[in-house]
Amino acid sequence: MRKKIVTANWKMNKSFTEADDLINEISELLAEKKESEALVIIAPPAVYLELAGDIASTEGEFEVSGQNIYQAESGAFTGEVSAMMLKSMNVDYCIIGHSERRKYFNESNDILKQKVDIAINNSIIPIYCCGEILPEREAGKHFEVIQKQLEEAVFHLDHDAFSNIIIAYEPVWAIGTGATATPEQAQEMHAFIRENIEKKLGKEVAGKTTILYGGSCNSKNASSLFSNPDVDGGLIGGASLVAEEFIKIVNSF
Ligand code: PEP
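Residue positions are given per chain, counting from 1 as you read along its sequence in written order. Only residues with pLDDT of 70 or above have their local features reported here, since the model is predicted, and side-chain atom pairs are shown and tallied only from 80 upward, although totals for entire chains, interfaces and linings are computed over all residues. The basis for every side-chain value is the complete set of heavy atoms in the structure, and neither hydrogens nor water enter the calculation.

1. Section: the overall build of the protein
Only DSSP runs of H or I covering at least 4 residues are called helices, and only runs of E covering at least 2 are called strands; the numbering of each starts at the N terminus. A count of helical and extended segments in the protein gives 12 helices and eight strands. Radius of gyration here uses only the C-alpha atoms, and the compact-globule reference equals 2.2 Å multiplied by the residue count raised to the power 0.38. Computed over the C-alpha atoms, the radius of gyration of the protein is 17 Å, within 12% of the 18 Å expected from 2.2 N^0.38 for a compact globule of 253 residues. Dimensions of the protein along its principal axes, counting C-alpha atoms only, are 45 × 45 × 35 Å. Here the contacts in the protein between residues at least 6 apart in sequence split such that 72% fall between residues at least 24 apart. Computed by Shrake-Rupley with a 1.4 Å probe, the accessible areas treat only the displayed protein chains as cover when residues are assessed. Looking at the protein as shown, the accessible area adds up to about 11400 Å², and 50% of this sits on carbon and sulfur atoms. Each charge sign in the protein was given a centre, from 23 positive and 38 negative side chains, and these centres are 5 Å apart. In this analysis, two residues are considered to be in contact whenever any of their non-hydrogen atoms come within 4.5 Å of each other. Asp and Glu are treated as the negative residues and Lys and Arg as the positive ones, with His and the ends of the chain left uncounted. We put the charge of a Lys on NZ, of an Arg on CZ, of an Asp on CG and of a Glu on CD.

Spelled out as structure tokens, the structure:
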């Protein structure tokens, strides 16, 4: 059975005190009210990773993820954070290729491939995001776009390396817009992604790969999305910033 996962992407939100309160609140609610088997991963801004990691290690109800790493091992890259730094803080996951990074920081599939490799070399599990923009979907090019994003950034990985990554399908038109993909649209694309993984790496790897849906997922629509056979959980932005709402999503399986 592949893992069910719900990941919180806090993006660039919360002061230190607010982050401390939110992480404690989520942690307490997970201890009291978690009803699903889903693995919970929280991706706070990098400056709060230590805070989140300390709470995760004492309460143990969730794992911690970075939101980004730089595509070099170390060196003169002022302001950047490396995979080795995350690992040295016991962080085991990192979001790579979020559409906001692609759009605002010009991260190409080639750069993302380098980030994926560096993450894996440092034993960090990439949560690799792919997704089409609205004009691409309207032009019927969404499958082509996703296939290219996979081909150019993760399909070079061998069987063992690919067994250690998580894919997140995040249609860009659904992120932060309230325009969630329908359960049918999500299932159709997740099945397509899984078929492509199978063609490249075989049935076993395809069957084991967790594929998350992201894009205006909330407590009202999560169960209809998660009930699809190829939707293994969610990458949650806005709705992960309110503890009660986030726990309802975690319990939506
Ligand atoms: C995201 O940023 O990954 C995301 C899915 O955001 P939202 O849930 O706010 O659409």
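Read on, since the account is not over.
2. Description of helix 1 (residues 16-33)
For a helix, the expected span equals 1.5 Å multiplied by the residue count minus one. Look at helix 1: 25 Å from first C-alpha to last across 18 residues, which is about the 26 Å you get at 1.5 Å a residue. Those residues of helix 1 that are buried are in contact with strand 2 (39-43), helix 2 (49-59) and helix 12 (243-250).

3. Some details on helix 7 (residues 142-153)
In this model, helix 7 (12 residues) spans 17 Å end to end at C-alpha, consistent with the 16 Å of a helix rising 1.5 Å per residue. Taken together, the buried positions of helix 7 are His142, Val145, Ile146, Gln149, Leu150 and Ala153. Buried residues of helix 7, seen end-on, are gathered within an arc of 130° and therefore sit on one face of the element. Tucked inside the fold, the buried residues of helix 7 contact helix 4 (99-104), helix 5 (109-121), strand 5 (125-130), helix 6 (134-138), strand 6 (166-169) and helix 9 (183-201). Partly exposed describes any residue whose relative accessible area lies between the buried limit of under 20% and the exposed limit of over 50%, with all areas from a 1.4 Å probe on protein chains only and scaled to the type maximum. Comment: arc refers to directions from the helix axis out to C-beta atoms.

4. Here we look at the pairing of strand 4 (residues 93-96)
For a regular strand, side chains alternate in direction, first toward one face of the sheet and then toward the other. The two faces of strand 4 match: Tyr93 and Ile95 on one face and Cys94 and Ile96 on the other face are all buried. Both strand 3 (residues 63-66) and strand 4 contribute to a ladder of two bridges, which runs parallel. When the sheet's bridge partners are listed, Ser65 is paired in strand 4 with Tyr93. Paired strands, in this sense, are two strands between which DSSP finds at least two bridges. Judged from the four bridges that link them, strand 4 and strand 5 form a sheet pairing that is parallel. In the sheet register, Tyr93 faces strand 5, and the bridge partner there is Ile125.

5. Things to note about the layout of surface pockets
We place a 1 Å grid over just the protein atoms. Points where a 1.4 Å probe fits but has no way out form a cavity, open points with protein on both sides within 12 Å along at least 5 of 7 lines form a pocket, and any residue with an atom within 4 Å of a point lines it. Grid points are joined across faces, edges and corners, and a volume is the space filled by probe spheres set on the points. Taken as a whole, the largest pocket holds about 690 Å³ of empty space. In terms of lining, the largest pocket is formed by 24 residues, of which the most central are Met12, Gln67, Glu100, Arg101 and Phe105. Among the elements that make up the lining of the largest pocket, the one with the highest residue count is helix 4 (five residues). Each residue gets one of three labels, nonpolar for Ala, Val, Leu, Ile, Met, Phe, Trp, Tyr, Cys and Pro, charged for Asp, Glu, Lys and Arg, and polar for the others, Gly among them. Among the residues forming the lining of the largest pocket, the class breakdown is 11 nonpolar, eight polar and five charged. A volume near 230 Å³ is recorded for the second largest pocket. What lines the second largest pocket is a set of 13 residues, and nearest its centre among them are Lys3, Ser163, Ile165, Lys208 and Thr210. Among the residues forming the lining of the second largest pocket, the class breakdown is six nonpolar, four polar and three charged.

6. Some details on empty space enclosed by the protein
Under the definition given, this model contains one cavity of 30 Å³ or more. Of the pockets and cavities examined, the largest cavity occupies roughly 30 Å³. Around the largest cavity, the lining residues are Gly97, Ser99, Arg102, Cys129, Cys130, Gly131, Gln149 and Glu170. Mapped by element, the contributors of at least two residues to the lining of the largest cavity are helix 4 and strand 5. Across the lining of the largest cavity, the residue classes tally to two nonpolar, four polar and two charged.

7. Describing the site of the ligand
Only a single heavy atom is needed: when it lies within 4 Å of a molecule or strand, its residue is near that molecule or strand. Contacts to the ligand come from 14 residues, most closely from Lys11, His98, Glu170, Gly176 and Ser216. Note that an oxygen atom of the ligand is positioned 2.9 Å from one of the backbone N or O atoms of Gly237. Within the complex, the protein chains bury 96% of what would otherwise be the 290 Å² of accessible surface of the ligand. Tallied by class, residues from the shell around the ligand come to four nonpolar, eight polar and two charged. N or O atoms within 3.5 Å of each other form a polar contact, as long as, within protein, one can give a hydrogen and the other can take it, and as long as residues adjacent in sequence are counted only when both atoms are side-chain atoms.

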